[in-house]
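# Geometric and topological summary
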Amino acid sequence: MPLSKDHIGGLVFLCLSVAYGYYAGEIALLPGDEFAPFNAQSLPSALAVLGGILSIALIVTADRSSAGRLQLAGYDFWLVAKLLLLVVLLGVALPWIGFLASTILFLIGGYWLLGVRSIKTLLLASVPFSVVLWFLLAQLLDIYLAPGRLFTAMLGG
Amino acid sequence: MWDGILTGLGTAVMPFNLLMVVVGCFAGTFIGMLPGLGPISAVALMIPITYGLDPASGIILMAGVYYGAVFGGSTSSILVNAPGCASTVVTAFDGFPLAQKNQAGKALALAAYSSFTGGTIGALILLFAAPALASVSLSFQSGDYFALMLLGLTAVAAFSGKGQVIKALLMTVFGLMIATVGTDITSGATRFTFGSVDLIDGVSFLLLAMATFALTEVIMTVLRGQHREAEPEMDMAALGSMKLSREEVKEVAPTIGRSSVFGFLVGVLPGAGATIASFMAYGLERNLASAKEKLKFGKGSLRGLAAPESANNAASTGSFVPLLTLGIPGSGTTAIMLGALIAYGIQPGPRLFMDNPDVFWSVIISMYFGNLVLLILNLPLIPYISRLLAIPRPILIPLILFFSITGVYLVSFNTFDIQMMVLITVIAIFLKLLAFPMAPMLLGFILGGILEKNLARALTMSDGSFSFLWDRPLTLVITLIAVAVLLFPLLGTVLGKLRGKGPEAAVAEGEG
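Residues numbered from 1 in each chain as written. Chains lettered and ligands numbered in written order. Predicted model: local features only at pLDDT ≥ 70, side-chain atom pairs only at ≥ 80, totals over all residues. Heavy atoms only, no water.

In the nomenclature of an unreviewed UniProt entry, chain B corresponds to Tripartite tricarboxylate transporter permease from the organism Marinobacterium alkalitolerans.

Going by what an unreviewed UniProt entry lists, chain A is known as Tripartite tricarboxylate transporter TctB family protein and is assigned to Marinobacterium alkalitolerans.

Encoded structure:
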């Protein structure tokens, strides 16, 4: 029997509920709290049980028709993975090269991944935008944007 | 009440707040026009901007974006048959055929007049209904609040569509689980932080909202390959006249009137929202039409266009009633606004009416201004605003991605948040592929803290007994409604599935 979307979802949530319930039992309580009518473990424990019941209900009542099967054809997962990696890289780059440079590089990378190949468009759609935004934030709104450790190390300050 | 209205009027007519209404309506119209991005994403994108404003201005801006986005969605539905959001899908049924007959101008004008009337009638009812409901709910105790939270959570699941109830409930539980991450407010114990200092304060609402709605929606357009689609071409010269004849006004006036009231009432129901209101109003209008009129539906009927347009705007207004008076959002979009209000330190609910009358009333008053802005400024500018749609998707998508990420980063200045957003986006994409609705998760997350606090207080006061749920008649009534709202669709789903019936296509996840 092929797994449907409901089966997969139900199993994932069942595993989540079991793991959540396990860690709910690990929550450290203050002395005497275990006798209180409500403590830090109460709601998590209830949610783990509720999650488990609902997951089983979803598995039992799963839609077994062909419409309920997971169809992955036609989705561009590879491009999405590259875009998300670019977002991760933005997070890594921000403390090192600062807001302005990482913004420009992120935008150029994003445009490039989505098929823009003209150097003129890549630069025109990223550099002026990033500079204006940086000016707005850092100069007009007076938000401190660290220049980046790399620049600080090279230029001092 | 009149003192409050004057306070609200005073706040709403401040030049800066008027500017916020105008900016909100324009930004909302533009974002709403983009296929795939609806009011939820538009409002989510505004949250970081509103953090720098005072609460009244912030909520006024978000409210402006909300109905601007609904209007923008209608515009792209009519002009290019590409609804920007679920609540304007029905608008395309008759709006696009009108545009094909070179009557796009008339269709846009009718949509604007209907939205204006729907929004205004909705705002008028809100003006009287909200304070009445708020004064009743002033007597609420923690048990009542807990029961109300239960009602809000179950209603959102119940309205999520056939075959989706269990999934929506699971997502609500998932949202509640995420809300428990961090420090427990009652005992100070840390929960599910796994030793990470970044998780001690829990998951930020802004991060979750931006990751699940703004970032995920944009990534989904890439996943589906929509970024490769050609930008819609609009022949602005073929818009035609924007005038409606006297006969046409007479024909649609009753439709607009009843759809507005109907839409408002549907919007008030927690979880129902503008999408369901527009579908139901269209169905109602078609049922009321004569056999000859019925044939026109789907082929450019003016009544078929006016009904969903009045209903979705009135429902958008109606969804503010449970938000402002009970602290329960009426839709996914108002759920985001609820989170923003809580982030401001304002607790929506009965006390809002008393403690922050400027916020309460200025939001209501600014709705009139918002509707006026949409009618007077946005309608004539539609040909120009829609030119923004010509920006190529490969340029627009990285820009929206960037705004979503920096919106979160510029609040916390913590790059951990960016990595966390990516993780949440991956989970959200996976769940969306499995057809799990996102709005109940966000609602569970937002209401989780308040629900736990009220449950803890009620249980402590009743010495660990759940009798507080039936001791007071008011609590009992709310609890019974919550149980009924939950059980009817749940039993229907379980019985239907066990009998072997496949789930019917659900109306999109209560968006709007």
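With that settled, consider the overall build of chain A. Along the backbone of chain A there are six helices and zero strands. Helices and strands appear in chain A in the N-to-C order α-α-α-α-α-α. For a compact globule of 157 residues, the expected C-alpha radius of gyration is about 15 Å, and chain A comes in at 25 Å, more than 25% above that figure. Projecting the C-alpha coordinates of chain A onto the three principal axes gives extents of approximately 60 × 55 × 25 Å. A buried classification covers 39% of the 157 residues belonging to chain A. Long-range contacts, defined here as pairs at least 24 residues apart, represent 64% of the contacts in chain A between residues at least 6 apart. Roughly 8600 Å² of accessible area belongs to chain A as shown, and the carbon and sulfur atoms make up 73% of that amount. If the 7 positive side-chain charges of chain A are averaged to one point and the 7 negative ones to another, these points end up 23 Å apart. (Helix = DSSP H or I, 4+ residues; strand = E, 2+ residues; numbered from the N terminus. Rg over C-alpha atoms; globule rule 2.2 N^0.38 Å. Buried < 20%, exposed > 50% of the residue type's maximum accessible area, 1.4 Å probe, protein only. Contact = heavy atoms within 4.5 Å. Areas by Shrake-Rupley, 256 points an atom, 1.4 Å probe, with all protein chains shown as cover. Lys, Arg positive; Asp, Glu negative; His and termini not counted. Charge placed at Lys NZ, Arg CZ, Asp CG, Glu CD.)

Quick look at the overall build of chain B now. When you go through chain B residue by residue, the secondary structure sums to 22 helices and two strands. Taken against the 2.2 N^0.38 rule, which gives 24 Å for 512 residues, the C-alpha radius of gyration of chain B at 22 Å falls within 12% of a compact globule. Counting only C-alpha atoms and orienting by the principal axes, one finds that chain B spans roughly 70 × 60 × 50 Å. The buried share among the 512 residues of chain B stands at 64%. Of the contacts made within chain B by residues no fewer than 6 positions apart, 80% connect residues no fewer than 24 positions apart. With the model as given, the accessible surface of chain B reaches about 17700 Å², and the carbon-plus-sulfur share is 67%. In chain B, 27 side chains carry a positive charge and 27 a negative one; their mean positions are 12 Å apart.

It is worth spelling out the interface of chain B and chain A at this point. In many analyses, interface size is given as the accessible surface area lost on bringing the parts together. Contacts between the two partners involve 62 residues from chain B, matched on the other side by 64 residues from chain A. Each partner contributes to the roughly 5400 Å² buried at the junction of chain B and chain A, and carbon and sulfur atoms together form 85% of this total. Three residues, Met177(B), Leu223(B) and Phe402(B), lead the burial of chain B against chain A; their summed loss comes to 12% of the area buried on that side. For the pair chain B and chain A, the number of links is one salt bridge. Of the charged contacts in the structure, one is a salt bridge between Asp6(A) and Lys167(B), with a shortest N-O distance of 2.8 Å. Here chain B is connected to chain A by four residue pairs in polar contact (both at pLDDT 80 or more). (Buried area = accessible area lost by both parts, 1.4 Å probe. Salt bridge = Lys/Arg side-chain N within 4 Å of Asp/Glu carboxyl O. Polar contact = N/O pair within 3.5 Å; in protein donor to acceptor, adjacent residues only side chain to side chain.)

To continue, consider the nonpolar core. Membership of the largest hydrophobic core comes to 196 residues, with the highest contact counts inside it found for Phe106(A), Phe320(B) and Ile336(B). With 15 residues, helix α9 (residues 205-223) of chain B is the single largest residue contributor to this core. For this core, the two domains that each supply at least three residues are domain 1 (5-68) and domain 2 (77-155) of chain A. If we skip the residues at most four places from it in the chain, Ile336(B) touches Ile40(B), Val43(B), Ala44(B), Ile47(B), Phe205(B), Ala209(B), Phe213(B), Leu442(B) and Ile446(B). Counting eight residues, the second-largest nonpolar core is a separate cluster that includes Ala274(B), Ala277(B), Ala281(B) and Ala307(B). (Core = buried A, V, L, I, M, F, W, Y, C linked by side-chain atoms within 4.5 Å. Domains from an automatic or database assignment.)

Attention now moves to the packing of helix α4 (residues 55-80) of chain B against helix α17 (residues 357-385) of chain B. All names here are of chain B. Packing of α4 against α17 leaves a shortest axis separation of 9 Å and a crossing angle of 35 degrees. When the axes of α4 and α17 are compared, the crossing they make is right-handed. Contact residues: Pro55, Ala56, Ile59, Ile60, Tyr67, Gly68, Phe71, Thr75 and Leu79 in α4; Val359, Ser362, Val363, Ser366, Met367, Gly370, Asn371, Leu374, Asn378 and Ile382 in α17. Of the residues that constitute the contact of α4 with α17, the class distribution is twelve nonpolar, seven polar and no charged. (Axes fitted to C-alpha atoms, helices over the stretch in contact; angles between N-to-C directions. Left-handed = near helix turned anticlockwise from the far one by under 90°. Nonpolar A, V, L, I, M, F, W, Y, C, P; charged D, E, K, R; others polar.)

So, about α9(B). All names here are of chain B. Over its 19 residues, α9 extends 25 Å from the first C-alpha to the last, a length consistent with the 27 Å expected when each residue adds 1.5 Å. At Thr216, α9 is bent by approximately 40 degrees, the largest bend along its length. Most of α9 is tucked away: 19 of the 19 residues are buried. The distance from a side-chain oxygen at the start of α9 to the backbone nitrogen of Leu206 is 3.2 Å, and the residue carrying that oxygen is Ser204. (Expected span 1.5 Å × (residues − 1). Bend = angle between axes of the 7 residues up to and from the residue.)

Another point: the packing of aromatic side chains. Across all of its chains, the model carries 17 aromatic pairs over all chains by this definition. A connected cluster of aromatic rings, assembled from ring pairs, spans Phe99(A), Phe106(A), Phe129(A), Phe402(B) and Phe403(B). Taking the ring centre of Trp96(A) as reference, the NZ or CZ of Arg149(A) above it sits at 4.8 Å. The ring of Phe436(B) has Lys167(B) lying over it, and the distance from NZ or CZ to the ring centre is 5.1 Å. (Phe/Tyr/Trp six-rings, centres within 6.5 Å; stacked < 30°, edge-to-face > 60°. Lys NZ or Arg CZ within 6 Å of the ring centre and 35° of its normal.)

For Pro95(A), the position within the fold is in helix α3 (residues 77-113). In this structure the C-alpha to C-alpha distance between Pro95(A) and Phe77(A), which are 18 residues apart in sequence, comes to 29 Å. Each residue touching Pro95(A), except ones within four places of it in the same chain, is listed here: Gly148(A), Arg149(A) and Thr415(B).

The subject of this paragraph is the UniProt feature "transmembrane region" (unreviewed entry) in chain A. Residues and elements named next belong to chain A. Mapped onto this numbering, the UniProt entry annotates "transmembrane region" (unreviewed entry) at residues 7-23, 43-60, 72-90, 96-114 and 121-141. The distance separating the terminal C-alpha atoms of residues 43-60 is 26 Å; by composition the span is 100% helix and 0% strand. Secondary structure across residues 72-90 divides into 74% helix and 0% strand, with the first and last C-alpha atoms of the span separated by 28 Å. (UniProt positions renumbered as here; feature names shortened; annotations may be inferred.)

All names here are of chain B. Taken as a whole, this structure holds nine salt bridges over all chains when the rule is applied. Among the ionic pairs, Glu248 bridges to Lys106, the shortest N-O distance being 2.7 Å. With Glu248 in helix α10 (residues 246-268) and Lys106 in helix α6 (residues 104-136), this pair connects stretches of sequence that are 142 residues apart. In this structure, Glu248 and Lys106 share a single accessibility class: buried.

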